[in-house]
Amino acid sequence: MNKIVILTGAGISAESGLGTFRDEGGLWAQHAVEDVATPEGFARNPALVHDFYNARRAQATGARPNAAHQALARLEAEHRGEVTLITQNVDDLHERAGSRNVLHMHGELAGALCHSCGHRWPAPVVMHAQDPCPACRAPATRPDVVWFGEIPYHMDVIDPALTEADMFVSIGTSGQVYPAAAYAQHCGRLGAVTVELNLEPSSNSRDFAETHYGPATQVVPAWVDRVLNT
Ligand code: APR
């Protein structure tokens, strides 16, 4: 299994204290998606959107990587092949656990973007819509995250990685948001081994040849041990 592609979702950060989206009481039970995770919502009320992401940025800053993040960093360091880590998460817990090759397909809380000139810069802890862009000075600051209806980042790297994968592993995601939700079926059809590591069966669990259910801090380190010792 030389080339391993991993996809992570909010569930891998749940035991670090960061909320998931669709579990009971999750972020989408507390906030209307159309208000805080769409370009239209940002245009209507940028302050509400910044409040939502400022709160998540502060929470992520105070969180610590857990054993699942650390196990994936160990896999990247010790696996005798290529490990590509694609995450739907916008926190930096993978990086803080030591993973280096991380593709944030939905952007990062740590990033700011000017929606006037497209300039990107490191996000301040607290961001406001009127903050002037460091490049063009326009009061046009937004979080550098991908909202519904926008194109995910790094697809030019993700697509070939999926095509070449010998193994595709999905961790902590409900499998409800595309294009990520189609990756297991795509890789399986190309002959890759497909593995789901999750608290419970996801919406696309039938797309996986191998499944292990339980808390990520238990099932991910156990799976990494098996992969490194085979
Ligand atoms: N260990 C493992 N899995 C867990 C744990 C845990 N401790 N806790 C929850 N999970 C699982 C849930 O069973 C669920 O399948 O994590 C998954 C979380 O699903 P969602 O809340 O839908 O999060 P995610 O799949 O990452 O959402 C994808 O949707 O709203 C967009 O941009 C947002 O990136 C996000 C995307």
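Nothing here was measured: the structure is a model prediction, and the numbers come from that model.

*Asks:* I keep staring at helix α9 (residues 216–228) and nothing clicks. Help me out?
*Replies:* Every α-helix winds through 3.6 residues per turn, so residues three or four apart in the chain are directed the same way. Taking 1.5 Å per residue, 13 residues should reach 18 Å; α9 reaches 17 Å between its end C-alpha atoms and fits that length. Its buried side turned inward, α9 meets β1 (3–8), α5 (67–78), β7 (167–171), β8 (193–198) and β9 (210–213).

*Asks:* It is not clear to me how the pairing of β7 should be interpreted in this structure. Could you clarify?
*Replies:* Each regular strand carries side chains that alternate between the two faces of the sheet. With five of five residues buried, β7 lies mostly within the body of the structure. What you see with β7 is no split at all: Met-167, Val-169 and Ile-171 on one side and Phe-168 and Ser-170 on the other are buried throughout. Judged from the five bridges that link them, β1 and β7 form a sheet pairing that is parallel. Counterpart to Ile-4 in the pairing with β7 is Met-167. Where β7 lies against β8, five bridges are found, and the strand directions are parallel. Pairing of Phe-168 across the sheet is with Thr-194, part of β8. Regarding the hand of the β-α-β motif, the stretch spanning β7, helix α8 (residues 183–189) and β8 is right-handed.

*Asks:* Before we go on, may I ask you to explain the pattern of salt bridges in this structure?
*Replies:* A side chain with one charge can pair with a side chain of the opposite charge if their charged atoms come near. One pass over the full model with this rule turns up eight salt bridges. The partner of Arg-100 in a salt bridge is Glu-76, with the nearest N and O atoms 3.9 Å apart. Remark: Glu-76 occurs in helix α5 and Arg-100 occurs in the loop between α6 (93–97) and β3 (102–104); sequence separation between them is 24 residues. Between Arg-142 and Glu-150 there is a salt bridge, and its shortest N-O distance comes to 2.9 Å. On the basis of relative accessible area, Glu-150 is assigned to the partly exposed category, the value being 26%. Residues participating in the shared-partner salt-bridge network are Arg-74, Glu-78 and Asp-225.

*Asks:* What's the story with the packing of aromatic side chains in this structure? I'm lost.
*Replies:* Inspection of the entire model under this criterion finds seven aromatic pairs. Ring geometry for Phe-42 and Trp-147: centres 5.3 Å apart, planes at 35 degrees, overall tilted. Within this pair, whereas Phe-42 is found in helix α3 (residues 39–44), its partner Trp-147 is found in the loop between β6 (141–145) and α7 (155–164), the two being separated by 105 residues in sequence. By relative accessible area, Phe-42 is classed as buried at 8%.

*Asks:* What exactly am I supposed to notice about the sheet that holds β6 here?
*Replies:* Strand pairs in the sheet, formed through backbone hydrogen bonds, run parallel or antiparallel to each other. Strand order across the open sheet formed by three strands is β5-β4-β6, with antiparallel pairing between neighbours. Either end of the sheet is taken by a strand with one partner, and the two such strands are β5 (120–122) and β6. Across this sheet, the average inter-strand angle for adjacent strands is 45 degrees, counted without regard to direction. One ladder, built from four bridges, connects strand β4 (residues 107–114) with β6; its direction is antiparallel. Bridge pairing links Leu-113 to Arg-142 in β6. Contacts from helix α4 (residues 46–62) reach β4 and β6, with the element oriented near 55 degrees to β6.

*Asks:* Help me understand the site of the ligand, please; the structure alone is not making it clear to me.
*Replies:* Within the structure, the ligand sits among 23 residues, and Ala-10, Phe-21, Arg-22, Thr-173 and Ser-174 are positioned closest to it. Taking 730 Å² as the accessible area of the ligand by itself, protein coverage stands at 94%. Split by residue class, the shell around the ligand holds nine nonpolar, 10 polar and four charged.

Parameters at a glance
Residues numbered from 1 in each chain as written. Predicted model: local features only at pLDDT ≥ 70, side-chain atom pairs only at ≥ 80, totals over all residues. Heavy atoms only, no water. Helix = DSSP H or I, 4+ residues; strand = E, 2+ residues; numbered from the N terminus. Expected span 1.5 Å × (residues − 1). Contact = heavy atoms within 4.5 Å. Buried < 20%, exposed > 50% of the residue type's maximum accessible area, 1.4 Å probe, protein only. Pairing = 2+ DSSP bridges. Right-handed = clockwise from strand over helix to strand, strands pointing away. Salt bridge = Lys/Arg side-chain N within 4 Å of Asp/Glu carboxyl O. Phe/Tyr/Trp six-rings, centres within 6.5 Å; stacked < 30°, edge-to-face > 60°. Axes fitted to C-alpha atoms, helices over the stretch in contact; angles between N-to-C directions. Near = heavy atom within 4 Å. Areas by Shrake-Rupley, 256 points an atom, 1.4 Å probe, with all protein chains shown as cover. Nonpolar A, V, L, I, M, F, W, Y, C, P; charged D, E, K, R; others polar.

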